[in-house]
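Given next are the chains, with one letter for each unit.
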Amino acid sequence: MSTTLADVIAVLEAAYPPALAESWDSVGLVCGDPADSVSRVVFAVDPTESVVDDAIASGADLLVVHHPLLLRGVDTVGAHTPKGALVHKLIKAGCALFSAHTNADSADPGVSDALADALGLTVLRPIEPKPSQPLDKWVVMVPIDHTDAVQGALFEAGAGRIGDYSECSWTVTGTGQFLPGDKATPAIGSVGALEQVSEDRIEVIAPRTERAAVLDALRTAHPYEEPAFDVFELATFPSSRGLGRIGELPHAETLREFTARVAGALPSTEWGVRAAGDPDAMVRTVAVCGGSGDSYLGVVSALGVDAYVTSDLRHHPADEHLRAGGPALVDVAHWASEYPWCAQAKSVVDAAFGFVPEWHSRVSTIRTDPWCLSAS
């Protein structure tokens with residue numbers, strides 16, 4: 001049985017859930033038929049023309065990238081446009097294109113985890129944690145001889161999952177009471193007669209996104225005309241998902257030494273690696289953010305870290321950050337900070353399909369950093 005594009009997408013979206021993407025982002029399948037077979041996959045940061053040509057030349061069925069090809073709204077993908085030309089080229093070659101952008105940034109592990117790993121950091125937590133998945137607690141009263149049927153329907157609809165456990169619930173038995181009115185059609189008892197029934201109180205949790213499905217399953221499986229149930233919205237807590245990471249070095253080193261560590265860990269670029277701060281200051285705790293991270297300068301200043309590694313830092317924000325006593329800054333090329341993610345994404349897919357005959361995956365070695373010259 002061959003591996004389909006839909007199979008690979010399911011694995012990628014389990015690792016990098018689309019729901020984690022920022023509201024302005026565009027992630028997922030750009031082109032390709034989910035029913036097509038996939039056996040050769042290439043991973044890259046950018047879907048540039050050279051990367052697309054390289055993937056097609058190697059016979060790839062799928063190109064997985066971090067940066068979206070069509071991030072902003074477009075009204076044409078005609079071959080006369082630069083991006084449209086790439087879409088046409090991919091489709092003609094039978095090569096699908098899939099992107100995981102800010103959903104991969106916030107995933108656990110994600111882009112910043114890969115950067116932290118490359119630098120030898122032990123990850124402690126995100127810079128800006130995402131809240132835990134919003135959950136509902138469902139409390140349902142069921143006649144004891146219908147408990148299994150109703151509970152099974154709730155599980156089938158997505159309730160009762162806690163971490164790596166499924167079909168989780170709590171049940172206690174009590175007495176339910178009701179008086180059917182003139183227009184009622186009671187499953188148990190008679191109109192006008194007070195009825196008492198031995199019932200189980202079932203408690204399960206379910207993702208808030210599944211509320212409609214759980215309610216439908218409850219009403220369908222429950223024997224009562226008017227089931228008794230409560231839905232409580234549970235509090236959310238910071239999770240291990242979110243943008244950026246805070247990590248710790250095995251031992252303290254000077255900023256000068258740490259900057260050399262960063263330069264040795266990441267692919268070289270004309271942009272290079274540059275640092276701002278006291279070269280002899282000691283660095284142990286480090287915040288990292290793959291991609292553009294100057295919007296977190298204020299946040300990392302309050303975290304008490306010794307240094308912050310990110311990309312695309314600007315003159316005035318960096319200067320003001322240091323004047324205010326913020327941690328040392330290490331600025332790297334945008335592409336270089338996100339390149340380690342490619343190997344991470346490859347390992348995710350290989351773990352699921354690496355045993356499949358004819359399966360082949362690789363990380364593109366093409367440097368898509370746009371800066372090609374430097375002079376001093």
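A brief structural summary. (Residues numbered from 1 in each chain as written. Predicted model: local features only at pLDDT ≥ 70, side-chain atom pairs only at ≥ 80, totals over all residues. Heavy atoms only, no water.)

Looking at the packing of aromatic side chains
Now for step 1: Scanning the entire structure with this criterion turns up six aromatic pairs.
Now for step 2: A ring pair is formed by phenylalanine 178 and tyrosine 224, whose centres lie 5.6 Å apart and whose planes are at 65°; its orientation type is edge-to-face. Separated by 46 residues along the polypeptide, phenylalanine 178 in strand S8 (residues 170-178) and tyrosine 224 in the loop between helix H7 (211-221) and strand S10 (228-233) bring together distant segments of the chain.
Now for step 3: With a relative accessible area of 22%, phenylalanine 178 lands in the partly exposed category. (Phe/Tyr/Trp six-rings, centres within 6.5 Å; stacked < 30°, edge-to-face > 60°. Helix = DSSP H or I, 4+ residues; strand = E, 2+ residues; numbered from the N terminus. Buried < 20%, exposed > 50% of the residue type's maximum accessible area, 1.4 Å probe, protein only.)

Here's the deal with the sheet that holds strand S3 (residues 62-65)
Now for step 1: If you trace the five strands from one edge of the open sheet to the other, you get S1-S4-S3-S2-S17, paired in mixed fashion. With one partner strand each, in any of the chains shown, strand S1 (28-31) and strand S17 (360-363) form the two edges of the open sheet. In this sheet, adjacent strand axes meet at a mean angle of 20° when their direction is disregarded.
Now for step 2: In this structure, strand S2 (residues 40-44) lies alongside S3, joined through four bridges in parallel fashion. Counted as the bridge partner of phenylalanine 43 is valine 64 from S3.
Now for step 3: Sitting on the sheet, helix H2 (residues 49-57) touches S2, S3 and S17, and the angle it makes with S3 is about 145°. (Pairing = 2+ DSSP bridges. Axes fitted to C-alpha atoms, helices over the stretch in contact; angles between N-to-C directions. Contact = heavy atoms within 4.5 Å.)

Here we look at the side chain of histidine 67
Now for step 1: Position of histidine 67 among the secondary structure elements: in the loop between S3 and helix H3 (82-93).
Now for step 2: At a separation of 3.4 Å, a polar atom in the side chain of histidine 67 contacts the side chain of histidine 334.
Now for step 3: Within the local environment of histidine 67, its side chain forms a polar contact with the side chain of glutamate 338, the two groups lying 2.7 Å apart.
Now for step 4: Look past the residues within four positions of histidine 67 in its chain and what remains in contact with it is Val45, Asp46, Pro47, Ser99, His101, His334 and Glu338. (Polar contact = N/O pair within 3.5 Å; in protein donor to acceptor, adjacent residues only side chain to side chain.)

As for the nonpolar core
Now for step 1: Ranked by internal contacts, the top residues of the largest apolar core, which has 47 residues, are Leu62, Phe258, Val309 and Trp341.
Now for step 2: With five residues, the top contributor of residues to this core is helix H12 (residues 340-353).
Now for step 3: Discounting residues that sit within four places of it in the chain, valine 309 has contacts with Leu119, Phe258, Val262, Val286, Ala287, Val288, Cys289, Val330 and Val332.
Now for step 4: Counting residues in hydrophobic clusters, the runner-up holds 16 residues, among them Val42, Ala44, Val52 and Val87. (Core = buried A, V, L, I, M, F, W, Y, C linked by side-chain atoms within 4.5 Å.)

Some points on H2
Now for step 1: Among the residues of H2, Val51, Val52 and Ala55 are the ones counted as buried. Take H2 and look down its axis: the buried residues cluster within an arc of 100°, on one side only.
Now for step 2: Packing partners of the buried residues in H2 comprise S2, S3, H3 and S17.
Now for step 3: Glycine 59 lies just past H2 and shows a positive phi near 80°. (Arc of directions from axis to C-beta.)

Examining the packing of H2 against H3
Now for step 1: It is at 11 Å that the axes of H2 and H3 come closest, and there the two elements cross at 5°. Viewed along their axes, H2 and H3 adopt a mutual orientation that is roughly parallel. Contact with H2, carried on its side by Glu49, Val52, Asp53 and Ile56, involves Leu86, Lys89, Leu90 and Ala93 of H3 and no other residues of that element. (Parallel < 35°, antiparallel > 145°, perpendicular 65-115°, else oblique.)

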